[in-house]
Amino acid sequence: MKVEKYLQDIRDMKEKIDTLEKMKMEVKYNIGIIKSRIESDNVQHMLQRDKTENKIIRDYEKIKLIEKEIEEETVTYILKRKEAYDQIMKLKEGQCRRFLIDFFINGKNEIEIAYDYHFENISSVYKLKHRAMNYFSKVV
């Protein structure tokens, strides 16, 4: 189904941005560990110190690359999210429209939606998703 892939791609983009942010934080954490080792080990050989400093430089370069990718993905994500939001808002007010916004635009998971919508079980969410996707594909 083309419509579902279109909306799922938007949801996946947000996940990718979050993952890149986590990767960036891990690299920064590793730099901090390396720096603390350098500062705590005063008897370190010069050659080892150069290797360690080169590792830090490479890690900073990784951070710059990750930040650039985050920037590019974020711009694309914002534009696609806005486009999808505008398409969804063309639907009449109701549970299907609300679901599409909650799930694909706001990134809520099935459990959160079941709780918010006061559903007894998760299968109701899947039925609503199916109904919302059919409705969206007919209107768009």
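See above for the structure.
Since the model is a prediction, treat every value here as computed from it, not as a measurement.

What counts and what doesn't
- Residues numbered from 1 in each chain as written.
- Predicted model: local features only at pLDDT ≥ 70, side-chain atom pairs only at ≥ 80, totals over all residues.
- Heavy atoms only, no water.
- Helix = DSSP H or I, 4+ residues; strand = E, 2+ residues; numbered from the N terminus.
- Contact = heavy atoms within 4.5 Å.
- Polar contact = N/O pair within 3.5 Å; in protein donor to acceptor, adjacent residues only side chain to side chain.
- Phe/Tyr/Trp six-rings, centres within 6.5 Å; stacked < 30°, edge-to-face > 60°.
- Buried < 20%, exposed > 50% of the residue type's maximum accessible area, 1.4 Å probe, protein only.

**Student:** Would you explain the environment of Lys129 in this entry?
**Tutor:** Summarising the element assignment, Lys129 is placed in helix 5 (residues 123–139). Spatially, the C-alpha atom of Lys129 lies 7.2 Å from that of Phe99, the residues being 30 residues apart in sequence. Contact partners of Lys129, with chain neighbours within four places excluded, come to Glu4, Phe99, Phe103 and Phe104. Within the local environment of Lys129, its side chain forms a polar contact with the side chain of Glu4, the two groups lying 3.3 Å apart.

**Student:** Honestly, the packing of aromatic side chains in this entry has me stumped. Any pointers?
**Tutor:** How two aromatic rings sit relative to each other is given by the distance of their centres and the angle of their planes. Tallied over the entire structure, the rule returns three aromatic pairs. Seen from their ring centres, Phe99 and Phe103 are 5.4 Å apart, and the 10° between their planes marks the pair as stacked. You can see Phe99 and its partner Phe103 sitting in helix 3 (residues 95–105), four residues apart, about one turn around the helix. Each member of the pair, Phe99 together with Phe103, is buried.

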